[in-house]
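Examining the three-dimensional arrangement
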Amino acid sequence: MSKRHYDLLAALVIFLGALFRLALITLGWPAPYNDEGTMGLMARHIAYQGAHPLLYYGQDYLGSLEAYLGAFFFRLFGPSTLSLRLGLVLLSVLFLWCMYRLVSLLYNRALAVFTLIVLALGSSDVMLRQLIASGVVANPLFWTALLLLLTSRIVLTARPISDKLKEKTTLQDRIDAEHTSHMSWSRLALYAAWGAVAGITLWSHFLFIPFVLCAAVLLLWACRQELRLPALSLLVLCFLIGLSPLLIYKITVPVSPYENSMFAGIVGGGYREPSYPPIKGLPTQSATISPKPITPVPGLQVLGTLLVAVPTATNGTVFCPIVPANIWPLTNHSDPSTLFCTGVHGAWGLTLVVLGGIATITAVKRIRQLRPTSSDRDPSVMNYERRRWAARLTLLAGGGLTLLAFVLYPQASAITPLISARYLVSLLIALPAVLFPLWEAGRLLKPARQRQFKVVSYLLHGLLLLAVLVGSATLFVRDVPQAQASSHRQQILIDGLLQAHDTRIYADYENCNRISFLSNEQIICAALDKGLHPGLDRYFPYRAIVAQAPRPAYVLQKNSTQAFLFEQKAASLHIAYKKIEIAGYIVYEPEKHMTP
């Protein structure tokens, strides 16, 4: 196929990927989520109240760009979950375009198109994080891909000044070359763009720091002769501009105990769920006690990563699904089907890690082999290929550092690998680098073994492609109806609250901002923790608004710890209340104000 044909095919895949995402959000998948409700409230405040939040409400390290995109679409189509998610579709399209350009530049267009197909589709585990407007995935994923594309472009088009000087035979020629070796404005613009995109990436989410660091190391290694004034000063200035929302927030806003902090416990700030002892009269399994500090267990951390987190983040759980409650931890009581499927997932995760290791070793060897020597006839070609392999290694190093950080964090890898698999979303960027050995190694084998290798290669590629196809089909068959039913229950709850004139309420964190957003702030909610005390209010003014209400209602899940505590507290204070059941929730209407 020609270059033009590959480009047309890539455009078609990106278009179908956009349609796939539009179809899902139009059908109401995924069901509205509480953190997405917070982003929706931010977008409403930007669109209609002139707000300009620098960071995600109640958090001191997550960017707010998705809220500004949501505000734009709110002004066009009105506030809704669908409008809020249109920005995510736009970011996904830009991400796919960047990945196609990046893989085409570093590898070949055939692998680029295959990568696009895998990234354009996906299972519920993968697509859920891309279509929930929580600021964690879609936004930083695009900026990271763009940063790597810029880095590769700069590195591959750089020509060391020393090479230019070697071409000059006389002293005067070398002096003239030094005076004419200043960079063009277009090249300075590339360095400025790199700095700005790197800053925006870190503002979006610290989760992508490994890729930013690896890209910076590659830039410094390959372009160190260009990184002088004015290029370096321009790069740093634009980096600070891109990071400025985070810097301004850190400088102007004091550390607060009422927000989630990246540095909670280090500088004395940040929200943490209090610890409560078991409650008398409550079943033991429903008691609420905050987890104690996790003791690292290397074996469990590695197993949790390979058996659960990596396959979950890379479409590897499609062929043999497990009920979420049974996935982790494995015990002596785990049924045979769970153990079998866990083995299948582990084989998937281990295969990707092994392929990544092979790709890394290959890249390091090639970089060493391509070191130019005085005997080379055309050292510029050697330099180009060496930088190209270094850029490939950058993708692998970014993914490897991300995986290592995950393994070393026991709370994620050993305790909650399923939920925490979202921290490995950046592995999708490294996927083409991991797959590349399957595309190239066959040429290095003896002819007798090439056929066997091709069979293995086709099988693995076929499994990956089948996984995303089956996962995508399952979304429409199973997950969309479940999401629609969940959304219907949420709307019944909101309609019931409005009908009962309960517009100032207390609820658990998982429902609070979702209710406020879906009701277009007709209902104002303040969050409660598991002990029925004030919890994590993402938008802190809501707490004061609810506290000033004469008789705010309590909206608690049926048979929950909080519902039990409310009835216990009301009885101890001799406060009568009205009790209404709506869509699996209990709405308590006390006769007078109860301070949580």
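Everything discussed here concerns the structure shown above.
Predicted model, so just to flag it, every value in this text is computed and none were measured.

Reading guide: rules and limits
Residues numbered from 1 in each chain as written. Predicted model: local features only at pLDDT ≥ 70, side-chain atom pairs only at ≥ 80, totals over all residues. Heavy atoms only, no water. Pairing = 2+ DSSP bridges. Helix = DSSP H or I, 4+ residues; strand = E, 2+ residues; numbered from the N terminus. Axes fitted to C-alpha atoms, helices over the stretch in contact; angles between N-to-C directions. Salt bridge = Lys/Arg side-chain N within 4 Å of Asp/Glu carboxyl O. Buried < 20%, exposed > 50% of the residue type's maximum accessible area, 1.4 Å probe, protein only. Polar contact = N/O pair within 3.5 Å; in protein donor to acceptor, adjacent residues only side chain to side chain. Contact = heavy atoms within 4.5 Å. Core = buried A, V, L, I, M, F, W, Y, C linked by side-chain atoms within 4.5 Å. Disulfide = S-S within 2.5 Å. Right-handed = clockwise from strand over helix to strand, strands pointing away. Patch = residues over 30% accessible without salt bridge, like charges linked within 9 Å, V, L, I, M, F, W, Y side chains within 5 Å. Areas by Shrake-Rupley, 256 points an atom, 1.4 Å probe, with all protein chains shown as cover. Phe/Tyr/Trp six-rings, centres within 6.5 Å; stacked < 30°, edge-to-face > 60°. Lys NZ or Arg CZ within 6 Å of the ring centre and 35° of its normal. Expected span 1.5 Å × (residues − 1).

Attention now goes to the sheet that holds strand S4 (residues 577-582). Overall, mixed pairing links the five strands, which are arranged S2-S1-S3-S5-S4 in an open sheet. The open sheet has two edge strands, strand S2 (524-528) and S4, and neither has a second partner. For this sheet, the mean angle separating the axes of adjacent strands, direction not counted, is 25°. By the bridge criterion, six bridges tie S4 to strand S5 (residues 585-590) in an arrangement that is antiparallel. Bridged to Ile582 within S5 is Tyr585.

Attention now goes to the pattern of salt bridges. Two side chains carrying opposite charge are able to pair once their charged atoms lie near each other. For the coordinates displayed, the defined rule picks out ten salt bridges. The partner of Asp7 in a salt bridge is Arg109, and the shortest N-O contact between them spans 3.3 Å. In this pair, Asp7 is assigned in helix H1 (residues 3-26) and Arg109 in helix H5 (residues 109-120), connecting sequence segments 102 residues apart. Residue classification places Asp7 among the partly exposed residues on the basis of a relative accessible area of 28%.

What follows deals with the side chain of Asp537. Checked against the element boundaries, Asp537 lands in the loop between S2 and helix H21 (541-547). Asp537 sits in the buried class, given a relative accessible area of 4%. Of the polar contacts made by the side chain of Asp537, one reaches the side chain of Arg543; its length is 2.8 Å. With residues near it in sequence (within four places) discarded, Asp537 still touches Tyr258, Cys525, Ala526, Ala527 and Arg543.

What follows is about the nonpolar core. Looking at soluble globular proteins, one finds that nonpolar side chains tend to be buried together. Formed by 149 residues in total, the largest nonpolar core has its most connected members in Phe95 and Trp194. Sort the elements by how many residues they give to this core and helix H4 (residues 81-106) lands first, with 14 residues. Ignoring sequence-local partners within four residues, the contact set of Phe95 consists of Leu119, Leu141, Phe142, Ala145 and Ile429. Counting 15 residues, the second largest nonpolar core, distinct from the first, contains Ile494, Ile505, Cys525 and Val555.

On to the state of the cysteines. Applying the stated criterion across every chain yields a total of two disulfides. Disulfide pairing places Cys512 opposite Cys525 at an S-S distance of 1.9 Å. Classification of the bridge connecting Cys512 and Cys525 rests on its S-S torsion, roughly -100°, and on that basis the disulfide is left-handed. Taken together, the positions of Cys512 in helix H20 (residues 509-518) and Cys525 in strand S2 put the pair 13 residues apart, joining distant regions of the chain. Per residue, the accessibility class of Cys512 equals that of Cys525, and both read buried. Take the cysteines of the protein chain that form disulfides and number them in order along the sequence; they join up as 1-2, 3-4.

All right, on to the pairing of strand S1 (residues 504-508) then. Buried residues dominate S1, accounting for four of its five residues. Relative to S2, S1 runs parallel, the two being bridged by five bridges. Counted as the bridge partner of Asp508 is Leu528 from S2. The handedness of the S1 to S2 crossover, carried by H20, is right-handed. Here three bridges tie S1 to strand S3 (residues 553-557), and the two strands are oriented parallel to one another. Along S3, the bridge assignment pairs Ile505 with Ala553.

Right, let's talk about unusual backbone geometry for a bit. Cis geometry is found at the peptide bond from Trp29 to Pro30, where omega equals -5°. Inspection of the secondary structure puts Pro30 in the loop between H1 and helix H2 (34-49). With omega at 0°, the peptide bond leading from Trp328 into Pro329 counts as cis. Tracing the sequence through the fold places Pro329 in the loop between helix H14 (324-327) and helix H15 (336-369).

Let us now look at H20. Of all ten residues making up H20, eight are buried, and the element is well covered by its neighbours. For H20, every residue scored as buried is listed here: Tyr509, Asn511, Cys512, Asn513, Arg514, Ile515, Ser516 and Phe517. Once H20 finishes, Asn520 follows within two positions and takes phi at roughly 55°, a positive value.

Moving on, we come to a nonpolar patch on the surface. On the surface, Met1, Leu9, Leu12, Phe15, Leu16, Leu19 and Leu22 cluster together to form a nonpolar patch covering roughly 650 Å² of accessible area. Mapped onto the elements of the fold, Leu19 is located in helix H1.

Turning our attention to the packing of aromatic side chains. Within this structure, the stated rule accounts for 14 aromatic pairs. Geometrically, the ring pair formed by Phe566 and Tyr588 is tilted, given 4.3 Å between the ring centres and 35° between the ring planes. Placement of the pair is Phe566 in helix H22 (residues 561-573) and Tyr588 in strand S5, with a sequence separation of 22 residues. In this pair, the class of Phe566 matches that of Tyr588, namely buried. Among the aromatic residues, ring-to-ring pairing joins Tyr506, Tyr554, Phe566, Tyr577 and Tyr588 into one connected group. Seen from the ring of Trp389, Arg392 lies directly overhead, with NZ or CZ sitting 4.4 Å from the centre.

Attention now goes to helix H7 (residues 138-157). The terminal C-alpha atoms of H7, which comprises 20 residues, lie 29 Å apart, in line with the 28 Å expected from a rise of 1.5 Å per residue. With 18 of 20 residues buried, H7 lies mostly within the body of the structure.

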